[in-house]
Every structure is written in C-alpha cells, then in structure tokens.
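Structural description and commentary
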Amino acid sequence: MGDDNKLQIPRVKLGNQGLEVSKLGFGCMNLNGVYKAPVSEEEGILVIKHAFSKGITFFDTADAYGEDSANEVLVGKALKQLPREKVQLSTKFGIAGLDRETLSVIVRGTPEYVRSCCEASLKRLDVDYIDLYFQHRVDTSVPIEDTMGELKKLVEEGKIKYIGLSEASPDTIRRAHVVHPITALQMEWSLWSRDIEEEIIPLCRELGIGIVPYSPLGRGFFGSKAINENELGDGLLASHPRFQRENLSKNKQLYDRIETLSRKHQCSPAQLALAWVLQQGNDVVPIPGTTKIRNLDDNIGSVSVKLTEQDLKEISDAVPVEEVAGGREHEIIHKMSWKFANTPPFPKGYEVST
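With an unreviewed UniProt entry as reference, the protein chain is termed NADP-dependent oxidoreductase domain-containing protein, source organism Cannabis sativa.

Here is the structure:
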C-alpha cells in the first residue's frame, strides 16, 4: 500500500485561481480534542506525516482549534518535517473566543482583526505564507467588502496565497468575490447534510469556487463508531441533535442502508459515504479528520471506490434528507449567543446558508 496507495490520490484544481491540492484533504481539528480526547503532540504529528506519505498534501486547521490555538502549533511542527513546497496549508480566522460559562461566541471580521489573526497564525505555524486563508464565520456587523479588502492586501503582500470563506450565504459570496476572487468555500456536506446543494453548489460552480466539505462522514456517523450510543461518552458529540437517543435510533436505520450498500461495493460504510462526497465533482475536496491511522487509511481507500451515476443516486436515495432525525447544527450552537461589537445576539448576527 506504499507508493501504490499514494498514486490513488489524484491532484485537482481547487477553484480557478491556480491552487492545486490532493483530491482528499485532512482536517486537523480533532487532533486537539473536540469530539474526543486529544492525542499527544507526537501522535498528532505522526498522523499528519502518515497522511502525507499516502499522498494527502492538503491540511486544514484554524486559530480556534485547541486551547491557545494549539492545533496550529501542532500542524506547524508537523510541517517542519515535510517539504513545505509540496504541502497546501489552510487555516482560518474569525472566531475570536468562546465563553464556556455563558456559552457565548465572539465573531470578528474587522480589517484590523483580520491582519492581527494572520500575523499570529503565521507565527504559530512558523511559516512564511498560508496557502488558503478562510474566514471561519462571517461577522455581519462588518461589510464583507471591508474584510475582503484586508485579505486582498495580505495576498498582495505574499502572506496568503488564496482566500476562502466558510459557512457564508450566497449574497456574501457574490459580494466578496467582486473584491477579490474566492478560491474555496468550506461548508458542511455529507449524505445527511445536503442543504448546500440547491443554491450554494451551483453558485460556486458559476463563479469558479472550489468546494471543501467538512464533516463529510457526518461527524463520524458513517464511520460506524458513532452509531453506538455507549461509545459517544459525554463529549461534545453526545449533545449533537442527531446523536440524541431517539434521533440516533432513527438515524441508525440510514446507516444500516449504507452498510448494506457498502457490502455490494466491497468497501466499508465510511469509504462508501466518503466516496459519494468525493465523486460529487472534480471541484470537491473533502477534509475528513481522524486521530487513528487505521481510520485514515480507510478514508484514503475511498478514493479507489468507483461509483456510476446510478450508484450515486442509489446511495443518495438511501439517505433521504427528510428522514434524517435532528438538525445539522450542534445543540451547543443553539444555546450560544453569537456576540458582535454592535449587533444583537443570535440569530441576527450569525450568518448561515440555509
């Protein structure tokens, strides 16, 4: 599975601005413990290096991941052991903090904040430039033109190469794209989270924007482990609406259908679910994350699963959106007050695509 496996991950253009990445990326968030306990720094670096050895060159992090942005520090240390010119690094700014007592999140997008975040990320990652810099969440108290204007300056200064947005509305995407071309949009997209298909995906293709689905395995649901309530523990995932007891019981029927189809395609349920996302288009680059090398290897195997148009439809039909129990947003999000400097709390200040 050495070099042969490496050849299984093709290179694709992400957006039409020139960025080329591996067709399968790697989301680094969970290495610092969001849904489960974090791994050690050494283990995290080993996972990243293993991914690279198998042909994954696109790695995604954010300044909001881990205490004191520990995820960026970890990723930066891993990059020191890899050829930088062969890695495409993305990170994000915009989530300024979380008050765990009041469950309030502060989102910022002022030009000054954009620049300070970029400078801080460059330092933590210990790199000269960031390949793809995402606005993590949209601050609707600041005109997107102002935020993009500063990002454009950072591109001109060589500190970032390409600009991305995350969880942005169609209007914001269009307005941002006028100021400077958007290279990629990061959104949740999986068999059970498909609300972006009607309007967002066609818009991205109209404008030549690449699509980076996060949580392409339904936050691990289609990886089979999370369907067992006893394995959820008391972590963040346990409070997600779709993993609540009654909803989980209903959703397990959807998993069972995918498991049955996976036997037909001689692959794991996770590989089938991820292959479905991968084959939604050449402009789609999902970024599943894991802390275990065996799961990483399983994910990589999804690149070799070939599906026809009829197969894709059969898989889609096995998970009808109307049968998914529970909302796609995490319960903790609904409890949060998304705070801005000059705007009311949720829902007026937090931009979503639905």
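Don't stop here, the text continues.
Check the secondary structure of the protein chain and you find 12 helices and 12 strands. For the protein chain, the residues scored as buried account for 56% of the 354 residues in total. Once local pairs closer than 6 in sequence are excluded, the contacts in the protein chain between residues at least 24 apart make up 76%. For the protein chain, the accessible surface area stands at approximately 15200 Å², while carbon and sulfur atoms represent 49% of it.

It is the contact of helix 4 (residues 111-125) with helix 5 (residues 144-156), at a shortest axis distance of 8 Å, that shows an interaxial angle of 35°. Every pair of crossing elements has a handedness; the one defined by helix 4 and helix 5 is right-handed. Listed contacts from helix 5 to Pro111, Val114, Arg115 and Cys118 of helix 4 are Asp146, Thr147, Glu150, Leu151, Lys153 and Leu154. Looking at the contact of helix 4 with helix 5, its residues break down into five nonpolar, one polar and four charged.

To continue, consider helix 7 (residues 200-207). Within helix 7, the full set of buried residues consists of Ile200, Ile201, Leu203, Cys204 and Leu207. One side of helix 7 holds all its buried residues, which, seen down the axis, span an arc of 160°. Its buried side turned inward, helix 7 meets helix 6 (170-179), strand 10 (184-188) and strand 11 (210-214). Among the residues trailing helix 7, Gly208 stands out with phi positive, at a value near 75°.

What follows concerns the packing of aromatic side chains. Enumeration over the complete set of coordinates arrives at seven aromatic pairs. Centre to centre, the rings of Phe93 and Tyr133 are 5.1 Å apart; their planes meet at 35°, and the pair counts as tilted. Here Tyr133 lies in strand 8 (residues 130-135) and Phe93 lies in strand 5 (residues 88-93), a separation of 40 residues in the sequence. Here the two residues Phe93 and Tyr133 agree in accessibility, since each one is buried.

This next bit is on the nonpolar core. Within the largest apolar cluster, 84 residues are counted, with the highest numbers of intra-cluster contacts made by Ile48 and Phe222. When sequence neighbours within four positions are dropped, the list of residues in contact with Ile48 reads Phe26, Cys28, Leu31, Phe59, Leu74, Val75, Ala78 and Leu82. One finds Val12, Phe134, Ala184 and Val285 within the second-largest nonpolar core, a separate group that totals 13 residues.

Let's shift gears to unusual backbone geometry. The phi torsion of most residues other than glycine is negative, and most of the peptide bonds are trans. Its identity as a non-glycine residue notwithstanding, Ser215 has a phi of 50°, on the positive side. As for its position among the elements, Ser215 is in the loop between strand 11 and helix 8 (245-264). One non-glycine residue, Gln266, lies in positive phi territory at about 55°. Assessed through its relative accessible area of 76%, Gln266 is described here as exposed.

The rules we used
The residue numbering used here restarts from 1 in each chain and proceeds along that chain's sequence as written. pLDDT decides what is reported in this predicted model: residues at 70 or higher carry local features, side-chain atom pairs at 80 or more are listed and counted, and totals for whole chains, interfaces and linings draw on all residues regardless. Side-chain numbers here rest on the full set of heavy atoms in the structure, without hydrogens or water. Only DSSP runs of H or I covering at least 4 residues are called helices, and only runs of E covering at least 2 are called strands; the numbering of each starts at the N terminus. Per-residue accessibility, obtained with a 1.4 Å probe over protein chains only, is compared with the maximum for each type, and a residue is labelled buried under 20%, exposed over 50%, and partly exposed between these values. Here, residues are in contact when the closest pair of their heavy atoms is within 4.5 Å. Residue burial considers only the protein chains on display, and all accessible areas are found by Shrake-Rupley using a 1.4 Å probe. Interaxial angles span 0 to 180 degrees and are taken between N-to-C directions of axes, which are lines fitted to C-alpha atoms, for helices over the stretch in contact. Helix crossings are classified by the rotation of the near helix relative to the far one: an anticlockwise turn of less than a right angle makes the crossing left-handed, while a clockwise turn makes it right-handed. For this classification, Asp, Glu, Lys and Arg are treated as charged, while Ala, Val, Leu, Ile, Met, Phe, Trp, Tyr, Cys and Pro are nonpolar and the rest, including Gly, are polar. Along the arc lie the directions from the helix axis toward the C-beta atoms. Paired rings are identified among Phe, Tyr and Trp, the last through its six-membered ring, by centres lying within 6.5 Å, and are further divided according to the angle between planes into stacked (under 30 degrees), edge-to-face (over 60) and tilted (the rest). Working definition of a nonpolar core: buried Ala, Val, Leu, Ile, Met, Phe, Trp, Tyr and Cys residues. They are joined through side-chain atoms within 4.5 Å.

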